[in-house]
Every structure is written in C-alpha cells, then in structure tokens.
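Report on the structure
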Amino acid sequence: MPPKKKKGGKKASVGEAGDDPAILAQIEKQKMAVEMDHLSHRMKILLHDQESMSTQKVELKDKMKKESTKHEHIYNHLNQQITDKEQEIEGLKRQLSQSAIDHATRVEEVVELMDKEQRQSAARIHELNLQVRGLLEKTGRIDEYKAIEAQNRELHEELDETRRLLADTREELDAWQRQTMVLTQPLYKDSVVLLLLEAMRLYPKLEILQVEALAALQNVVSPENPAEILDNCAMIRMFGGIGIVLSSMRDNLTKERIQCNACSLLWKLSFWDSENIPVITANGGMHLLLAAMTAHPDLSLIHISEPTRLLSISYAVFCLKKKKKYTI
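Every chain's residues receive numbers from 1 upward, in the order its sequence appears when written. Local features in this predicted model are restricted to residues of pLDDT 70 or higher, and side-chain atom pairs are both shown and tallied only at a pLDDT of 80 or more, whereas totals for entire chains, interfaces and linings draw on every residue. Where side-chain values are given, they derive from all heavy atoms of the structure, hydrogens and water being excluded.

1. Remarks on the overall build of the protein chain
By the criteria applied, helices consist of DSSP H or I runs no shorter than four residues and strands consist of E runs no shorter than two, each listed in order from the N terminus. Scanning the protein chain from N- to C-terminus turns up 10 helices and 0 strands. A total of 328 residues make up the protein chain; the buried ones form 22% of that total. Note on areas: Shrake-Rupley, 1.4 Å probe, and residue coverage restricted to the protein chains presented here. Accessible surface, the protein chain: about 24500 Å² in total, of which carbon and sulfur atoms supply 60%. When accessible area is computed with a 1.4 Å probe and restricted to protein chains, residues below 20% of their type maximum are described as buried, those above 50% as exposed, and intermediate ones as partly exposed.

2. Brief notes about a negative patch on the surface
Patch membership requires over 30% relative accessible area and the absence of a salt bridge. Like charges are linked within 9 Å, and nonpolar side chains (Val, Leu, Ile, Met, Phe, Trp, Tyr) within 5 Å. By convention in these notes, a salt bridge is any Lys or Arg side-chain nitrogen within 4 Å of a carboxyl oxygen on Asp or Glu. We count Lys and Arg on the positive side and Asp and Glu on the negative side, and we leave His and both chain ends out. Lys charges are placed at NZ, Arg charges at CZ, Asp charges at CG and Glu charges at CD. A surface patch of negative charge is lined by E108, E109, E112 and D115. Tracing the chain through its elements places E108 in helix α2 (residues 21–184). Residue classification places E108 among the exposed residues on the basis of a relative accessible area of 51%.

3. Quick notes on a nonpolar patch on the surface
A cluster of nonpolar side chains, namely L202, Y203, L206 and I208, defines an oily patch on the protein surface of about 370 Å² accessible area. With respect to the helices and strands, the residue L202 is situated in helix α3 (residues 189–202). Given a relative accessible area of 36%, L202 falls into the partly exposed group.

4. As for the packing of helix α4 (residues 207–220) against helix α7 (residues 256–272)
Axis definition: a line fit to C-alpha positions, over the contact stretch in the case of helices; interaxial angles, taken between N-to-C directions, run 0 to 180 degrees. Relative orientation of the contacting elements α4 and α7 amounts to 25°, with a least axis distance of 9 Å. Here α4 is positioned roughly parallel relative to α7, judged by the angle of their axes. The two elements α4 and α7 cross, and the hand of that crossing is left-handed. Where α4 abuts α7, its residues E207, I208, Q210, V211, E212, L214, A215, L217 and Q218 lie against R257, I258, N261, A262, S264, L265 and K268. Residues are grouped as follows: Ala, Val, Leu, Ile, Met, Phe, Trp, Tyr, Cys and Pro are nonpolar; Asp, Glu, Lys and Arg are charged; all remaining types, including Gly, are polar. Split into classes, the residues belonging to the contact of α4 with α7 amount to 8 nonpolar, 4 polar and 4 charged. Our angle categories are set so that under 35 degrees counts as roughly parallel, over 145 as roughly antiparallel, 65 to 115 as roughly perpendicular, and the remainder as oblique. For any pair of crossing helices, the crossing counts as left-handed if the nearer helix is rotated counterclockwise from the farther one by less than a right angle, and right-handed if it is rotated clockwise. Any pair of residues with heavy atoms lying within 4.5 Å of one another is described as a contacting pair.

5. Regarding the nonpolar core
Nonpolar cores were defined as sets of buried Ala, Val, Leu, Ile, Met, Phe, Trp, Tyr and Cys residues, with membership established by side-chain atoms within 4.5 Å. Among the nonpolar cores identified, the biggest contains 29 residues, and L214, L217, M249, L265, L266 and L269 are the most heavily contacted of them. Of all the secondary structure elements, the ones that give two or more residues to this core are α3, α4, α5 (229–238), α6 (241–251), α7 and α9 (285–295). In terms of residue count, the dominant contributor to this core is α7 (6 residues). Beyond its immediate chain neighbours, meaning those up to four positions away, L266 contacts V245, L246, M249, I280 and L289.

6. As for the packing of aromatic side chains
Stacked, tilted and edge-to-face pairs are distinguished by plane angle, under 30 degrees for stacked and over 60 for edge-to-face with tilted covering the rest, among Phe, Tyr and Trp rings (Trp via its six-membered ring) whose centres lie within 6.5 Å. Counting across every chain of the model gives 2 aromatic pairs. For the pair W267 and F271, a centre-to-centre distance of 5.6 Å together with 25° between the ring planes defines the contact as stacked. Here W267 and its partner F271 are both found in helix α7, 4 residues apart, which amounts to about one turn of the helix. Residue classification places F271 among the partly exposed positions, given a relative accessible area of 39%. Between F271 and W272, the ring centres sit 5.1 Å apart and the planes meet at 85°, which makes this aromatic pair edge-to-face. Of the residues examined, W272 reaches a relative accessible area of 33% and is grouped as partly exposed. Through a chain of ring-to-ring contacts, the aromatic side chains of W267, F271 and W272 assemble into a single cluster.

7. Quick notes on the confidence of the model for the protein chain
With 77% of its residues at a pLDDT of at least 70, the protein chain reaches an overall mean of 78. Within the model, the stretch residues 182–188 combines pLDDT values under 50 with 7 contacts to residues more than four positions away or in other chains. What pLDDT conveys is the predictor's confidence in a given residue, as a value from 0 to 100. The model gives residues 323–328 a pLDDT under 50, and that stretch makes 2 contacts with residues more than four places away or in other chains.

8. Describing the state of the cysteines
Pairs of cysteine sulfur atoms within 2.5 Å are identified as disulfides in what follows. Taken as a whole, this structure holds 0 disulfides when the rule is applied. Here C260 stays unpaired: no disulfide links it, and the sulfur of C263, its closest cysteine neighbor, is 7.3 Å away. Judged by its relative accessible area of 0%, C263 is buried.

9. With respect to the pattern of salt bridges
A complete count under the given rule lists 7 salt bridges for this structure. Of the charged contacts in the structure, one is a salt bridge between E88 and K85, with a shortest N-O distance of 3.9 Å. You can see E88 and its partner K85 sitting in helix α2, 3 residues apart, about one turn around the helix. Look at E88 and you get partly exposed, because its relative accessible area is 46%. A salt bridge links E275 to R237; the nearest nitrogen and oxygen atoms lie 3.0 Å apart. Of the two residues, E275 sits in the loop between α7 and α8 (276–282) while R237 sits in helix α5, which places them 38 residues apart along the sequence. The network of salt bridges with common partners includes R237, D273 and E275.

Have a look at this one:
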C-alpha cells in the first residue's frame with residue numbers, strides 16, 4: 001500500500017506551486033513512483049503467494065501420490081484377500097462335496113451293517129425262543145421236582161415229629177419204669193434216693209425243689225450214717241444221679257443255693273467213693289465247679305445248710321484234678 005499523505009501539506013504544495021509544469025511533472029512522477037512501488041510490492045506479494053501455492057500444489061501432489069499409492073496397496077491387499085477367500089471357499093466347497101460323498105458312503109455302510117445286525121438279531125431271537133421253550137419244559141420238570149421235594153420235606157418233618165414223639169415216649173417210658181421201680185419197692189433207703197432224683201429230673205425249673213432235693217441227698221451221704229455212705233454213693237451213681245446233679249448246675253448257673261448244695265454234694269460223693277470221680281469228670285463236672293466258683297466268688301457270705309461250702313468246692317476240684325492226673 002502507498003504511504004498516506006498529509007492533507008495540510010498537499011494544500012500548501014498546491015498553493016505554492018500553482019500551475020508550474022515542472023512541479024506538476026515531478027508530482028506526477030512521484031505519484032507514478034509510489035504507484036510503481038505499490039505495484040512492485042503487490043507483485044512481490046503475488047509472487048510470494050504464487051510460490052506458496054506452488055509449494056502447496058507440490059505438497060498436495062505428493063500427498064495425493066502417497067494417498068494414491070496407499071489406496072493402491074489397500075486395493076491390491078483387498079484383492080489378494082478376496083482371491084484367498086475365494087480359493088478358501090473353493091477348497092471348502094471341495095471338502096464339503098467330498099464329505100458329502102464320504103458321509104453317503106458311511107451311511108450306506110451303516111445301513112448295511114444295521115441290516116446285517118438285524119438279521120443276526122432275528123437269528124439270535126429265534127435261538128432264544130428255542131431256549132425259552134426248552135427252559136419252559138425244564139421249568140415244568142423243576143415244578144415237579146419242587147413238588148416232590150416239598151413232599152420229601154413233609155415226610156422228613158413227619159419223620160422228625162415221629163422221632164420226637166418216640167423220644168418223648170421213651171422218656172415217659174423211662175420215667176414210668178423208674179416210678180414203677182420206686183412204687184414197687186418198699187419205702188426204704190433205695191426208694192428215697194430214687195424219689196429225690198426223679199423229682200429233680202421231672203421239675204428242673206423248680207428252684208426250691210432242686211435246693212431241697214440236693215440238701216436231702218447230702219444227708220443221704222452224710223457221715224452220720226457211715227455204714228450206708230458207700231452204698232448210697234454207689235446207688236446215686238448207678239441211678240444217674242451225678243448226671244442229674246450236673247444238669248441242675250448247668251441249668252441254674254446264677255442260683256447260688258443250687259450251686260452251693262450241688263458243689264457240696266459232689267464233694268461228698270467224690271470224697272467217700274473214688275469211683276464217682278471219673279463219672280463227674282466225664283460229664284463236665286470240672287468245668288461246672290470252676291464256673292460256680294467264678295460266678296459266685298462271695299459264696300462264703302451266704303448262710304446255707306453247709307457251713308464249709310467253699311472248702312468243699314475247692315477240695316472237690318482238687319480231688320478231681322488229682323484223680324485225672326493219676327489216671328493219665
């Protein structure tokens with residue numbers, strides 16, 4: 001832009017110069033110089049702008065070239081990916097086609113295998129039906145066998161019942177014979193022993209009878225009648241009295257009075273007649289004596305008819321052990 005001129009100075013110059021051509025020419029020349037400077041400055045600005053635009057144009061061209069190259073690379077990459085995907089799709093199509101063929105082949109093989117298994121199953125079912133028929137026939141035989149076995153079982157039960165009845169009958173017959181023997185003999189020493197033993201045998205659960213019978217048998221073999229002791233001991237042994245006494249001990253292990261009287265009686269029988277010792281030992285008397293001592297350790301504190309019962313029990317065990325040692 002041209003420099004601004006002061007208004008007052010212009011008017012003074014015009015007033016002073018008047019119409020002088022030289023001054024006018026100089027003024028015009030100065031105006032032209034100013035305008036030339038202005039134009040030159042404008043030209044410089046335009047050239048600068050042109051250079052800037054050229055530089056921008058070059059930069060734009062480079063940028064466009066780079067973008068074009070980049071887009072070309074992207075395009076080529078996309079084309080390559082599309083080509084790869086198309087090839088992959090073609091491969092998948094071929095695999096799918098081959099899989100369909102293989103699947104169809106396998107289906108045919110499975111169908112053939114199922115047909116074969118069905119035929120085999122039909123043959124197996126036929127065989128099983130034949131086996132079932134055979135088993136049904138055998139089942140009929142088994143039913144017949146079971147019926148025969150049931151009859152056999154019933155016969156065995158009847159036989160066992162008959163044997164029990166026979167045993168009861170024999171026992172009753174033995175009891176009747178013993179009672180007859182007792183009743184036919186005079187009421188003397190033999191009949192007393194038999195009555196006591198028979199009462200103990202017939203009523204094994206009656207505690208008071210067992211206690212009193214054992215006490216009475218002790219009196220039979222007591223030292224008060226020394227002439228009859230050996231005969232009474234032998235009589236008790238001959239009539240099975242030792243077995244009856246041991247059975248009473250075995251059936252009444254917790255009854256203190258029965259154990260006490262029985263141990264005392266066994267002591268007297270073994271002390272006065274040594275022939276009773278093997279009979280006592282053979283019928284389990286040793287174990288019963290030891291069981292009585294174990295079950296009733298405080299037996300000496302109970303006051304029953306026999307005052308030396310613990311000594312009697314201990315001595316009876318000692319005698320039995322000594323006799324057993326000598327016989328071995």
